[in-house]
Amino acid sequence: MEMISRIRSSVIRMHSLSRASWRLLVARRPPVVRGYSSGPAPRVCIVGGGPAGFYTAQQLLKARQDAVVDIYERLPVPFGLVRFGVAPDHPEVKNVINTFTQTAQHERCSFHGNVTVGKDVSVEELRQAYHAVVLSYGADGNRSMEIPGEDLSGVISAKDFVGWYNGLPANKELCPDLSSETAVILGQGNVALDVARILLSPHEMLKKTDITQHALDALAGSSVRRVLIIGRRGPLQIACTIKELREMVNLPNTRADMLPSDFEGVAETLKDLPRPRKRLTELLMKAMNGGGDGPVENSWGFRFCRSPVEVLSGPDGKRAAGIRLAFNKLEGSGEVARAVPTGQFEDVECGLIISSIGYKTIPIDPDVPFDPRRAIVPNDMGRVQDTTGLYCSGWVKRGPTGVIATTMNDSFDTARILLQDIEAGKLDVSINKPGAQAITALLQTRGVKTVLFSEWEKIDAEEESRGKSVGKPREKLLNVEEMLKLAWS
Ligand code: FAD
Ligand code: NAP
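Please read these numbers as outputs of a predicted model, since none were measured by experiment.

### Brief notes about the packing of aromatic side chains
Thinking step 1. For the coordinates displayed, the defined rule picks out 16 aromatic pairs.
Thinking step 2. When the ring of Tyr55 is compared with that of Phe412, the centres are 5.8 Å apart and the planes differ by 90°; the resulting orientation is edge-to-face. You can see Tyr55 sitting in helix α3 (residues 51-63) and its partner Phe412 sitting in helix α15 (residues 404-423), a full 357 residues away along the chain. Here Tyr55 matches Phe412 in class, with each residue buried.
Thinking step 3. Pairing Phe161 with Tyr165 gives two aromatic rings, centres 5.6 Å apart and planes at 85°, and the pair type is edge-to-face. One end of the pair is Phe161 and the other is Tyr165, both in helix α7 (residues 158-166) and 4 residues apart, which spans about a single turn. Assigned by exposure class, Phe161 and Tyr165 land together as buried.
Thinking step 4. An aromatic cluster of at least three residues, connected via ring pairs, comprises Phe54, Tyr55, Phe79, Phe100, Phe111, Phe412, Phe453 and Trp456.

Structure, rendered in C-alpha cells:
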C-alpha cells in the first residue's frame, strides 16, 4: 500500500493533477458488478485500436461480466490495418468492423482515439490507472533491405504505398513515381500481391472501391505496365496465399510472365507437398504455363531465388533506374530452405522499386521490455516478460505475420491468460483503479483531447456520404486536423 501511494504521489506531482482530484477519481464508485460480487471491477486498458485490441477487448468483456475495458488509439479513427492495410478491393474482409463496432459500443467498453501512448501518456501511467494494460499496437515500422541505394528516389516501402492508397494520414503526400513501364516488388507475401494487383487493376474496378481519390487519379495516369515480384527463395517457399494468387491470375487484360527455368524440379515434388502448398504450387505452375499470346496491355511475373543487393541509380545519381539481384541456390527443402548466394548477378531495369519484405514493431515506451532482434515485446503467452499486469496481443506479440483470424485467436489467448491471472490471484484487482477518468484528466492537463467512438461515427458518416456522391463506399478523410474538427463539431 505504501509503495502504491508513493507511486501515486509521484504520478500526481509529475502531471499536475491535484491530490484531491486524484483521490476523487479513485474514490468514484466502481461500475455495476454483475456475476462477481466482491471487490471492484477489473479495469483493463488496451493500447491500439486494431484487430488485436478489439478482439482482446471482446473476449475480456464476454468472459468477465464485470470487466471494464478502455481502448486507446493513436489516430482519431479506429480499426488499424483493417482500415489502412486491407486492400480497397477486398471489402468483404472489412466486415469485421461490424463486430469491432459492437465491442466499442458495449456498455463496459470505451474508445479513446487521438492518444499516442508513449508520447501523450506513458505505459507506467496507464499501469497506475488500470489493473492491467494490454499492448496491441501492431507493427508500425518497416524492415529495411539494408542495401546501397535504398534511399534513392523511386524506392518506396510497400507499407507507405499501401498507406497512400488507403488514406493513412502520414502517407498522403507520398506521390509514388508511376512514370516508368516496369515496377519491381521485392518480397512475395500477400502485401506484395496486394500492391501488384493495385498497380495493374483496371480503373473501372478500382473506382468502385474505397481507394483514396488521389491514388485513383495517380493510378489512372500510371505508365506501369509490367510488375516483377522478386523472391529470395523458390516457388515452393512463396509466402502468398492461393486467393491472392488467383486474383493475380484473373486480372483482366494482363498475362503472367514467368521463367520456366525458375520451376525446374517443382513438378516432381508436387505429390509430396502438404495440401495447401500443393494447391498453391499447382496454380503457380498453371500461371507459368498459361501465359497466352493474346493482345494484352499488362504483365506480371514472379522471379525466384534472387536477392536484392543494390539499387542502381540513373545518370543523375539521385533516381533509381534499376536493381541488382544476386542469384541464390537453396540449401535444405520445404518451408525452412535457406537462400545461399551463388555469386552470379542480374540487373533489372525499372523506375519504381517497392520493398515488401515485412512490417516491423517498434518500441513505444522505454519502460516496456523490447526484443530488438525479434522486434517484438518479449512475452510468455501474452504476459510481458518481467512486468506484472502488462500483456500483449497481435503483431506486437508474435511479429508482423498472420491474417486477421490468426490475430483474433492470438488475442483471445491473451485475454484468457489475463483472466486466468486474475482468477489465480497473480493480478491484484482488489484495489479500485480510476481508469479512463484519471487518464483523460491527465491528458487534458497536457492539452490532449480524445476522440470517443460516437465522435468517430461522425467522421464515418461524413466519409460514407462523400463516397456515395462519387459511387464509392466511402471517401476517407486524409487530414488528422479535419478528422478532429469534424469529430468535435
Ligand atoms: P494493427 O492492425 O496494426 O493495429 C494496431 C493499432 O495500434 C493501429 O490502429 C495503430 O494506429 C495503433 N497504435 C500504434 N501505435 C500506437 C500508440 N503508440 N498508441 C496508441 N495506438 C497505437 N489480414 C486478413 O485477414 N485479410 C486481409 O486482406 C489482410 N490484408 C492486409 C493488408 C496489409 C497491407 C497488411 C499489412 C496486413 C493485412 N492483413 C490482412 C493482416 C491484418 O491486417 C493483421 O493480422 C492485423 O491487422 C494485426 O492486428 P494488430 O491489431 O496487431 O495491428
Ligand atoms: P510476409 O508474408 O512475411 O512476406 C514477406 C516476404 O518478404 C517473403 O516473401 C519473404 O521471403 C520476403 N523477405 C523477408 N525479408 C527479406 C529480405 N531481407 N530480402 C528479401 N526478401 C525478404 O509479409 P507481408 O507480405 O508483409 O504480410 C504480412 C502478413 O499479413 C502475412 O501474414 C500476410 O498473410 C498478411 N496479409 C494478408 C493478406 C490477405 O489475406 N489478403 C493481405 C496482406 C497481408 P522469405 O519467405 O524468404 O522470408
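We are not done yet, so read on.
### Things to note about the sheet that holds strand β11 (residues 306-313)
Thinking step 1. On the basis of which strands lie adjacent, the open sheet formed by 3 strands has the order β11-β12-β13 and antiparallel pairing. Single-partner strands in this sheet number two, and they are β11 and β13 (338-349). Across the sheet, the axes of successive neighbouring strands diverge by a mean angle of 20°, strand direction being ignored.
Thinking step 2. With 7 bridges joining them, β11 and strand β12 (residues 320-331) adopt antiparallel strand pairing. Bridge pairing links Ser313 to Ala320 in β12.

### Quick notes on the domain arrangement of the chain
Interfaces are often sized by the amount of accessible area the parts lose when they come together.
Thinking step 1. According to the domain assignment, the chain consists of domain 1 (2-140 + 361-451) and domain 2 (143-359).
Thinking step 2. Here domain 1 and domain 2 have C-alpha centroids that lie 37 Å from each other.
Thinking step 3. Contact with domain 1, which involves 16 residues of that partner, is made by 19 residues of domain 2.
Thinking step 4. Contact between domain 1 and domain 2 buries roughly 1400 Å² in total, counting both sides, with carbon and sulfur atoms accounting for 56%.
Thinking step 5. Inspection of the domain 1/domain 2 interface yields 3 salt bridges.
Thinking step 6. Lys94 is the salt-bridge partner of Asp210, the closest N and O atoms lying 3.0 Å from each other.
Thinking step 7. Connecting domain 1 to domain 2 are 9 residue pairs in polar contact (both at pLDDT 80 or more).

### Some thoughts on the nonpolar core
Thinking step 1. Leu199, Val227, Leu245, Met258, Trp300, Phe302 and Ile354 are the most contacted members of the largest nonpolar core, which totals 51 residues.
Thinking step 2. If you tally residues by element for this core, the top one is helix α8 (residues 190-200), at 7 residues.
Thinking step 3. Val44, Leu60, Leu75 and Leu484 belong to the second largest nonpolar core, which has 39 residues in total.

### With respect to the side chain of Gln237
Thinking step 1. When you line up the elements, Gln237 lands in the loop between β8 (226-230) and α11 (242-249).
Thinking step 2. A polar contact of 2.9 Å, which involves the side chain of Gln237, links it to the backbone oxygen of Gly334.
Thinking step 3. Excluding its chain neighbours within four sequence positions, the residues that come into contact with Gln237 are Arg277, Leu330, Gly334, Glu335 and Ala337.

### Topic: the environment of Ser411
Thinking step 1. Topologically, Ser411 is positioned in helix α15.
Thinking step 2. For Ser411 and Thr56, which are 355 residues apart along the polypeptide, the C-alpha to C-alpha distance reads 4.9 Å.
Thinking step 3. Leaving out residues up to four positions away in the same chain, Ser411 has contacts with Ala52, Tyr55, Thr56, Ser393 and Gly394.

### A closer look at the site of ligand 2
Thinking step 1. Around ligand 2 sit 18 residues in total, of which Gln188, Arg232, Arg233, Glu244 and Gly402 are the nearest.
Thinking step 2. Taking Arg232, its side chain carries an N or O atom lying 2.8 Å from an oxygen atom of ligand 2.
Thinking step 3. Alone, ligand 2 offers 910 Å² of accessible surface; in the complex the protein occludes 78% of this.

### What to know about the site of ligand 1
Thinking step 1. Contacts to ligand 1 come from 32 residues, most closely from Ala52, Glu73, Gly402, Ile404 and Thr407.
Thinking step 2. At a separation of 3.4 Å, an oxygen atom of ligand 1 approaches a polar backbone atom of Pro51.
Thinking step 3. Contact between ligand 1 and Gly402: an oxygen atom at 2.8 Å from a main-chain N or O atom of the residue.
Thinking step 4. Contact with the protein chains removes 92% of the 1000 Å² of surface that ligand 1 exposes when unbound.
Thinking step 5. Among the elements of the structure, α3, α4 (80-84), α8 and α15 are those that each provide at least two residues to the shell around ligand 1.
Thinking step 6. Classifying every residue of the shell around ligand 1 by side-chain character gives 17 nonpolar, 12 polar and 3 charged.
Thinking step 7. Split by domain, the shell around ligand 1 shows at least three residues from each of two domains, domain 1 (2-140 + 361-451) and domain 2 (143-359).

### Looking at a positive patch on the surface
Thinking step 1. A contiguous patch of positive charge on the surface is contributed by Arg246, Arg275, Arg279 and Lys286.
Thinking step 2. Per element, the largest residue contribution to the positive patch is 3 residues, and it comes from helix α13 (residues 275-289).
Thinking step 3. If you trace the backbone, Arg279 turns up in helix α13.
Thinking step 4. Residue class for Arg279 comes out partly exposed when judged on its relative accessible area of 36%.

### Here's the deal with the pattern of salt bridges
Thinking step 1. Under the defined criterion, the tally for this structure stands at 35 salt bridges.
Thinking step 2. Across the pair Arg446 and Glu125 runs a salt bridge, and its minimum N-O distance is 2.8 Å. Taken together, the positions of Arg446 in the loop between α16 (436-445) and β19 (451-452) and Glu125 in helix α6 (residues 123-129) put the pair 321 residues apart, joining distant regions of the chain.
Thinking step 3. According to the relative accessible area criterion, Arg446 is partly exposed, its value standing at 29%.
Thinking step 4. On the basis of relative accessibility, which here comes to 5%, the residue Glu125 falls in the buried class.
Thinking step 5. Taken together, the shared-partner salt bridges in this structure form one network comprising Asp89, Glu92, Asp194, Arg197, Lys243, Glu244 and Glu247.

Quick notes on the rules
- Here the residue numbers are simple positions, counted from 1 along each chain's written sequence.
- Labels are handed out in written order, letters beginning with A for the chains and numbers beginning with 1 for the ligands.
- With the structure being a predicted model, the display of local features is reserved for residues of pLDDT at least 70 and the display and counting of side-chain atom pairs for 80 or more, all residues being used for whole-chain, interface and lining totals.
- Excluded from the side-chain calculations are hydrogens and water; all other atoms, namely the structure's heavy atoms, are used.
- Note on ring pairs: Phe, Tyr and Trp rings are taken, using the six-membered ring of Trp, and paired if centres are within 6.5 Å. Classes follow the plane angle, with under 30 degrees stacked, over 60 edge-to-face and the rest tilted.
- Only DSSP runs of H or I covering at least 4 residues are called helices, and only runs of E covering at least 2 are called strands; the numbering of each starts at the N terminus.
- We call a residue buried when its accessible area falls under 20% of the maximum for its residue type, exposed when it is over 50%, and partly exposed in between, using a 1.4 Å probe and counting protein chains only.
- When DSSP finds two or more bridges between a pair of strands, those strands are recorded as paired.
- Here an axis means a line fitted to C-alpha atoms, over the contact stretch when the element is a helix, while the angle between two N-to-C directions is reported on a 0 to 180 degree scale.
- Bear in mind that the domain bounds are from an automatic or database domain assignment.
- Contact between two residues is taken to exist if any of their heavy atoms lie within 4.5 Å; hydrogens are not considered.
- Buried area is a sum: the accessible area each of two parts loses on coming together, probed at 1.4 Å, counted once for each and added.
- Salt bridges are identified by distance alone: a Lys or Arg side-chain nitrogen within 4 Å of an Asp or Glu carboxyl oxygen.
- Two N or O atoms form a polar contact when they lie within 3.5 Å of each other; inside protein one atom must be a possible hydrogen donor and the other a possible acceptor, and for residues adjacent in sequence the pair counts only when both atoms belong to side chains.
- Here, nonpolar core means buried Ala, Val, Leu, Ile, Met, Phe, Trp, Tyr and Cys residues that are tied together by side-chain atoms lying within 4.5 Å of each other.
- A molecule or strand has a residue near it when one of that residue's heavy atoms lies within 4 Å.
- Here the accessible surface of atoms and residues is derived via Shrake-Rupley with a 1.4 Å probe, and residues count as covered only by protein chains that are part of the display.
- Each residue is assigned to one class: nonpolar for Ala, Val, Leu, Ile, Met, Phe, Trp, Tyr, Cys and Pro, charged for Asp, Glu, Lys and Arg, and polar for all the others, Gly among them.
- Patch definition: residues above 30% relative accessible area lacking any salt bridge, with like charges linked at up to 9 Å and the nonpolar side chains Val, Leu, Ile, Met, Phe, Trp and Tyr linked at up to 5 Å.
- Working convention for charge: Lys and Arg count positive, Asp and Glu count negative, and His plus the chain ends are omitted.
- Taken as the charge centre is NZ of Lys, CZ of Arg, CG of Asp or CD of Glu, depending on the residue.

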